Each structure stands twice: as C-alpha cells, then as structure tokens.
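Residue-level structure breakdown
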Amino acid sequence: MEKVKETAPKALIFLLIMTLLCGVVFPLVVTGISQLLFPRQANGSIIEIDRKKYGSELLGQQFTGNEYLWGRVMNIDTSTFTDSEGNPVMYAGASNKTPAGEELEELVAQRVEKIRAAHPNQGDTPIPVDLVTCSGSGLDPHISPAAAEYQVQRIADARGISAEQVREIVVKYTKGKFLGVFGEETVNVLKVNLALDGILK
Amino acid sequence: MSEAVLQYILYVVLLIGLAVPLGIYIGKVMNGEKVLLTRVLSPVERGIYKVMHIDPQEQMNWKKYALSAVLFSIFGFVILFLLNILQGFLPLNPQHLPGTSWHLAFNTTSSFVTNTNWQAYSGESTLSYLTQMLGLTVQNFVSAATGIAVLFALIRGFIKVKTDGLGSFWADMTRIILYILIPICLVLSILLVSQGVVQNFSPYETIDLVEPITAGDGTVITQMVVPQGPAASQISIKQLGTNGGGFFGVNSAHPLENPNAFSNFLEMTALLLIPVALCFTFGRNIKDKRQGIAIFLAMLIMLVVCLAVTGANEAAATPQLSQNGAVDITAGAGQAGGNMEGKETRFGIATSATWAVYTTAASNGSVNSMHDSYTPLGGMITMLQMMLGEVIFGGVGCGLYGMIGFAILAVFIAGLMVGRTPEYLGKKIEPYEMKMAVMVCLATPVAILIGSGLATMLPETMQSLNNPGAHGFSEILYAYSSAGGNNGSAFAGFNANTVFLNLSIGLIMLFVRFVPMLATLAIAGSQVKKKKVAQNAGTLPTHNGLFIFLLIFVVLLVGALSFFPALALGPIAEYFQMLG
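Analysis parameters
- Residues numbered from 1 in each chain as written.
- Chains lettered and ligands numbered in written order.
- Predicted model: local features only at pLDDT ≥ 70, side-chain atom pairs only at ≥ 80, totals over all residues.
- Helix = DSSP H or I, 4+ residues; strand = E, 2+ residues; numbered from the N terminus.
- Rg over C-alpha atoms; globule rule 2.2 N^0.38 Å.
- Contact = placed C-beta atoms within 7 Å.
- Core = buried A, V, L, I, M, F, W, Y, C linked by C-beta atoms within 7 Å.
- Buried ≥ 20, exposed ≤ 12 C-beta atoms within 10 Å, placed from the backbone.
- Domains from an automatic or database assignment.
- Nonpolar A, V, L, I, M, F, W, Y, C, P; charged D, E, K, R; others polar.
- Pairing = 2+ DSSP bridges.
- Axes fitted to C-alpha atoms, helices over the stretch in contact; angles between N-to-C directions.
- Parallel < 35°, antiparallel > 145°, perpendicular 65-115°, else oblique.
- Left-handed = near helix turned anticlockwise from the far one by under 90°.
- Expected span 1.5 Å × (residues − 1).

1. Quick word on the overall build of chain B
For chain B, the helix and strand inventory stands at 18 helices and five strands. The globule rule puts the C-alpha radius of gyration for 580 residues at 25 Å, and the 23 Å found for chain B is close to it. The long-range share in chain B, meaning contacts at least 24 apart out of those at least 6 apart in sequence, stands at 78%.

The structure is reproduced here in structure tokens:
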C-alpha cells in the first residue's frame, strides 16, 4: 500500500505529460507541417475543377452507365452517413464474404451474367477477377488495366468514339507499380470518367 | 508469378535491412548511451524527470517495476474510458458523435490499453477527433512503450548479477517514447500525408456524385462522404507500435488511410520494424549477438513459411470465384489475378498477403485487405500465427519476451532429456522460472479456447455471424484468437459489438496482456538475483541450428496440440467443402 501511494502520483503525472506530448503536441505539429507542405493531400485529395468538386481521387464512385468505365463492385452503405438535411449519403464497406462459399459464388455468377450481357463483343473471354469482386475498403478507386481494357469497346460504342480514343484516356490515368516492383498497376476510374466527359483535361 | 515472388523477397529483405541499424540504435538509447538525437532531446528528457521528481538511475525491483506499469495502465484505462462515454459533451467533435455504450467503451479501452486495438466499432462513424487523438493515439504510444520497457527489464535480469534492480520504468518509458517512437512517427506521418493520408480537423466533406445511384429501396443518392480527421498522426504510431487500430473502420484498406503502394510499403514495414529490430537489440545488449540472431532466425523461418502458404493460396483463389473459367483469376497481363474479394486493386495479391502475414505475426492487427474474405487456408495461417501466442516477432517488446518464455521452455525440455539443470543466457532455469514461463506460454491458448468455446455455446452469437457454416465458426475463432494474441485484426464481417462479446473479448485482452507481462517481470526479478554459471561441455548452446529447430518445435507443439481440433472445425473443414 505504501508503494502504491508513492507510485500512483508518478503514474498520473507521467500519463498527463504523455497525453500532452503524444496526444496534443504531436498531432498538432503533424497537422501544421502537413497543411503547410501538402494541403491538397492532407484534405482528402479532392478533384476540384472550376470551383466544382467532383469527388476524391482516392475514393471510388459507382458507375453503371455504358458510357462510363466501371470500377470494383461496391458494397454501398447508405445508412451510416446523412447530409445536413438528413438525406442518405453514399459510403461503402467490405463484403467480408468468404470466397469459398455459395453466397459469393452466386453473386459472382450474377455479376458475370450482367457484365457479359453488356459486353457482347467480348464473347466468352474470361472477365478479369477485380471486376466481379468487392474490394477491401469498398471504396477502391482503381481497376486493373486488364479490367479497363475489357470495357474499352463498350465505352467507345456507347459514346460513338473510337476504341483508340478511349484507350488513350485509360493509359493516361494508368499508374505503374511503385519503383516498378511494389503493388500493382492501377487505372483511376473516376479520373478516366471525368476525362471521358471532357471535364478533366 | 515471379514478379510476386520478387515483391515478397524485397519486402522481407528491406525490412531486415532497416531493422538491423534500428536495433543497434534502440540498444544504445536504452543503455543511456549517446545517440544522434541526444543533444536535441536530452533537455526534454531531463525536464520530464524533473517534473516527475524521479531519479532516472533508480533501480526498481521487479515488484516496483510491475506496480508502476500496472498503475500507469489503470490510469490510462480510466481516462480513455471516460473519453469514450463522454465524447458527446467534449470538443473536437464536428460530426456530433454521441458517447459510446459502456460495454463498447470497456472493450475499446481494454483493447487500446493492452496494445491490441481490437475494434468493435467503425472509427469514422463512432469516435470523435478528440477521443481518437487524446485517447487512442496516446495509448498507442504508451502501450507500445510499456511492452518494450518490460522487455528491457527482462534483458537486465539476464545481464546483471546478484542484485535486484531492473532499472527505472519511468526512464525506460521516457526514452522509448522520446528517442524512438516520436521521431520515427513524425517522419512517417509527414510521408504518409504526402501520399494522400488525411490530416486535418475539418468536418467530413459531402460531394455530388458524378453518376447518382439508386439504392435498393428506390431512393436516389446524389452525394458521397469524404471522411476527414487527424488520421496520419494516428496511423504512423498504430503501425510502428504494433497497435493496429485503424482511424477508419476498414483500416489500411481505406484509400485515405493507405493511398498507394509507397504508403503501403511505409506502413507495412513500420508494423514489423521494431519487433525485428529488438531481436538485434537483444543480442547486442546481452553482449552475445548470436543469441539474438538465433531467435531472429527462428521467427524468420516461421514467417517465411506462413508467407509462402498464404501467398500461394490467395494467388490460387477458389473454384467459387473462377466460375469454371468465366472469371480470369490468372496473374499477369495487366492484372494481379487471384482472390481479389476483399483486396484493393493497388495492392493485389502479393502486397495484401504480405501485410496479412506481417500483421498477424506482429500482433499489429491492422489490415490492408479483409481477412474474412481470404481463402480457407490463407485465412487459417493468419489465425494460426495469433494462436501461437504472437511470438513470430510479435508485438513490440511483448513478442520477444513471449519468445524468450518459449526459449526457457525449450531449454527446460532439452534439460530433461539429458538430465541436467537447464540454463539460459548463463543463468539457471529453476522451477520458479519454469512456472512463470508456462504462464507466459499458456495464457494465450487458454484464453482463446475458453473464450471461443463459451461464445460458440451461446445461441445469440449466431446473430453476429456474417457467413454460414464452417466459415462462421472461423469468424468466432478468429475473434478470440485475435483477442488472445493481443492482435486486434478481425474476420470483420463478425459483429462484435454486443454486450457479451464486448465484455468477454475485453476481459481476455486484459488477461493475456497482463498475466504474461507480470510473469515475465517475475522471471526478470528472479534471474537478476542469480550468479552467472560458467559454461561447460554440458551447457546446451542456445545460438546454433539445433536450438533454433528446438525452439520452433516447441512453439509449434504447444500451438498444434492446443488448436488442431478447433482449426479442423473451421478453416480446414471449409477447405474441403470448397473443393466440393
């Protein structure tokens, strides 16, 4: 008991010092430096053109129109967030379904059917796996180059432009692996679609 | 395929390359030797000692050291608990989030005080900026530092002779936070922001969707939310301190938490950096580098095997995904292929699998892909690493002291075989140390088996499951393995926010954190009193290949005997169902 009385005040003071240091000073210093050096990135990498915001280049949006590049399957969540008037606002999450189960098997089969119907030109070509699966965040902003290429002709037909023009835009917003080794090649779906619409130049 | 293998190899090699110099640096800091940052930081360090009225040279006995660690954790617990339930009345809450329920607060608090970071909530929709910053970020720093401090008390127990002092808990904590955690986190945070991790105090943005969407019930949704907050400063320490609690619900799979392959490399390396470095620190500070390398190699061998199994299974995907060839799951030609359910395009298979194996090896528990959606055997490996007691590198400090517990067990078993009193690092291992080592090694299996057993018997647990059948059982088993290994990752479809789950998981996290910690300090307290015994022909060398093999054997033996039946009901059963 004697020892508890002697140690307790030290423990409390130490916790307060650390709270100040790690919980106040540290995050504030990081925020200050970040806002000074990287204001765009620190605030969500928002794409803003002529004062209109089109989304974050890091967060996926769902596209279903034939004239757009489609992204990953999104597990849309409309119940978590609302705007100031109480209307539901889109967010997304993971499916957390086992890839070895019947439930996902059926879902994937439906997606395959839908995608095949929209891409008659592809016939029985196998569909790249990222087009029929939900990502980890549900908000994956990217698609693989193979999945983008699969859709090129459909987009070209819907827009009445050449496949080459679509491909050019896809290539423009394709990023290679980091240092040529790490991670995977990605196509930014939102950027491609904004470019297709002529908004992003 | 070969490109993926190159990624795996480079990730591991770069990790070790960074860990070796860091290990030496940590060793110097903890001995109070001069380092590069001493000139800048020593005034701050001395200031802290002055405010606290402590003598940094104080030599606490193990009981005082333990008491300091426990009291400090209790105060941390109280403050974090209050922040959770009272956040609705406190500032820095632009989303006007209410206080959490008492049982969720208990769970979250236990989780962050024990360096587990199990999350039964989703950060962006549950916790205010104040709670995340003043509560969680602080516990991320101090719980990590506590684990490292206890490791150094144990190291001193082996080096020092015939005394009872293990050093000052307060000086150890101060040095770890000031010289190691804060400087690395500062650099890491800024680098992460430069890649697109958010760092601000603004309210969430709502932005018009380019193409409005129609929800299932027919409502048209025209806007999306872009969450904000002081994320980078919390993410750096959640990785470096093997904490793992995401700022956002989906953790480092979230593009605003981990935007690209470079940020991923930083976060993923950070999560295993200190546990690897500490192996080299250990060898340096006990003045026998070979001992540290032996433990490092035992851990590395297990890690590489786990990486190979998980990587191969995720790349192979499942028949359910490939749909008789209608879906292209092959790697190459512009895609990563494999099991992409729950994985991000920018990470693909190799980078996701490496993270999954690192994070469950390290008791970190952050994820960049959803383990619930891993293939049966790929997911089983992540579970198994936690069941082995988080000693394949493990959490900062606690992973290594857990492994030293197994080393004591190993020399004891070897001693039994040849009929000699076992020794480790020149000190005799006697019944008292054995009892304590058994507590270190068995706390995790006992907690996991009792916890998951109880939960499985309760009918209401069924409602928390997200998948039926064997995979549903795996979700329960994973939850308790995660708690029992102080890991914190999840098969995240499992809804853990119920009274029973919050309480049982919370209690297990406290049990498996503090029982092994106190037992480790007791070993340190007993060893420090002993004299060194001279090495002779009968001494079992603990730095050669034979011992590395023996150590791996003991770790796997305890794990396999404890968990094979449970794994057979979960992932193994699912694997055979998958083959149909």
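On we go from here.
2. Describing the nonpolar core
Counting residues in hydrophobic clusters, the biggest one holds 244 residues, and the most contacted among them are F141, A145, I177, L181, F406, A407 and L551 of chain B. Among the domains, domain 1 (2–42) and domain 2 (46–196) of chain A are the pair contributing at least three residues each to this core.

3. A closer look at the interface of chain A and chain B
Taken together, the contact pairs 97 residues of chain A with 109 residues of chain B. With 22 residues, the top contributor of residues to the side of chain A that touches chain B is helix α1 (residues 2–37) of chain A. Per-class residue counts for the side of chain A that touches chain B are 52 nonpolar, 32 polar and 13 charged. Sheet topology note: the strand β5 (residues 127–128) of chain A/strand β3 (residues 327–328) of chain B ladder contains two bridges and is parallel. Of the residues in β3 of chain B, the one forming a bridge with P128 of chain A is D328 of chain B.

4. Considering unusual backbone geometry
Phi is positive for T242 of chain B, which is not a glycine, with a value near 45°. Inspection of the secondary structure assignment puts T242 of chain B in the loop between α8 (232–240) and α9 (261–285).

5. Re the domain arrangement of chain A
Domain annotation of chain A identifies domain 1 (2–42) and domain 2 (46–196). The straight-line distance from the C-alpha centre of domain 1 of chain A to that of domain 2 of chain A is 41 Å.

6. Overview of the packing of helix α10 (residues 289–316) of chain B against helix α12 (residues 348–361) of chain B
All names here are of chain B. Interhelical geometry of α10 versus α12 gives an angle of 140° and a closest axis separation of 9 Å. Comparing the axis directions of α10 and α12 gives the class oblique. Along this stretch, α10 crosses α12, giving a crossing that reads as right-handed. Of the residues in α12, those in contact with L303, C306, L307, T310, G311, E314 and A315 of α10 are I349, A350, S352, A353, T354, A356, V357 and A361. Tallied by class, the residues present in the contact of α10 with α12 amount to 10 nonpolar, four polar and one charged.

7. A look at the pairing of strand β1 (residues 46–49) of chain A
All names here are of chain A. Pairing of β1 with strand β2 (residues 52–56) involves three bridges; the strand directions are antiparallel. Following the sheet pairing, I46 is matched in β2 by S56. In this structure, the hairpin formed by β1 and β2 is closed by a connection of two residues, where D50 is found at a positive phi of approximately 50°.

8. A look at α10 of chain B
If you check α10 of chain B, its first and last C-alpha atoms are 40 Å apart, about what 28 residues at 1.5 Å a residue would give, namely 40 Å. Following α10 of chain B by one or two positions, A317 of chain B has its phi on the positive side, about 55°.

9. Brief notes about the sheet that holds strand β6 (residues 142–143) of chain A
Residue and element names in this part refer to chain A. Overall, antiparallel pairing links the three strands, which are arranged β6-β8-β7 in an open sheet. The sheet is open, and its two borders are formed by β6 and β7 (174–175), each paired with just one other strand. One ladder, built from two bridges, connects β7 with strand β8 (residues 186–188); its direction is antiparallel. Residue pairing across strands places T174 opposite V187, the latter belonging to β8. Along the sheet, helix α6 (residues 189–196) makes contact with β6 and β8, crossing β8 at roughly 45°.

10. Structural notes on the pairing of strand β3 (residues 75–82) of chain A
Residue and element names in this part refer to chain A. Taken together, the five bridges between β3 and strand β4 (residues 88–93) define a ladder with antiparallel strand orientation. Counted as the bridge partner of I76 is A92 from β4. Hairpin connection from β3 to β4: five residues lie between these consecutive antiparallel strands, with G86 at a positive phi of about 90°.

11. A word on the packing of α1 of chain A against helix α6 (residues 129–159) of chain B
In the contact formed by α1 of chain A and α6 of chain B, the axes pass within 9 Å of each other and the chain directions differ by 115°. Classified by the interaxial angle, the pair formed by α1 of chain A and α6 of chain B is roughly perpendicular. In the crossing of α1 of chain A with α6 of chain B, the sense of the turn from one axis to the other is right-handed. The segment α1 of chain A lies against α6 of chain B, with M18, T19, C22, G23 and P27 of chain A engaging M133, L134, T137, V138, F141 and V142 of chain B. For the contact of α1 of chain A with α6 of chain B, the class distribution of residues is eight nonpolar, three polar and no charged.

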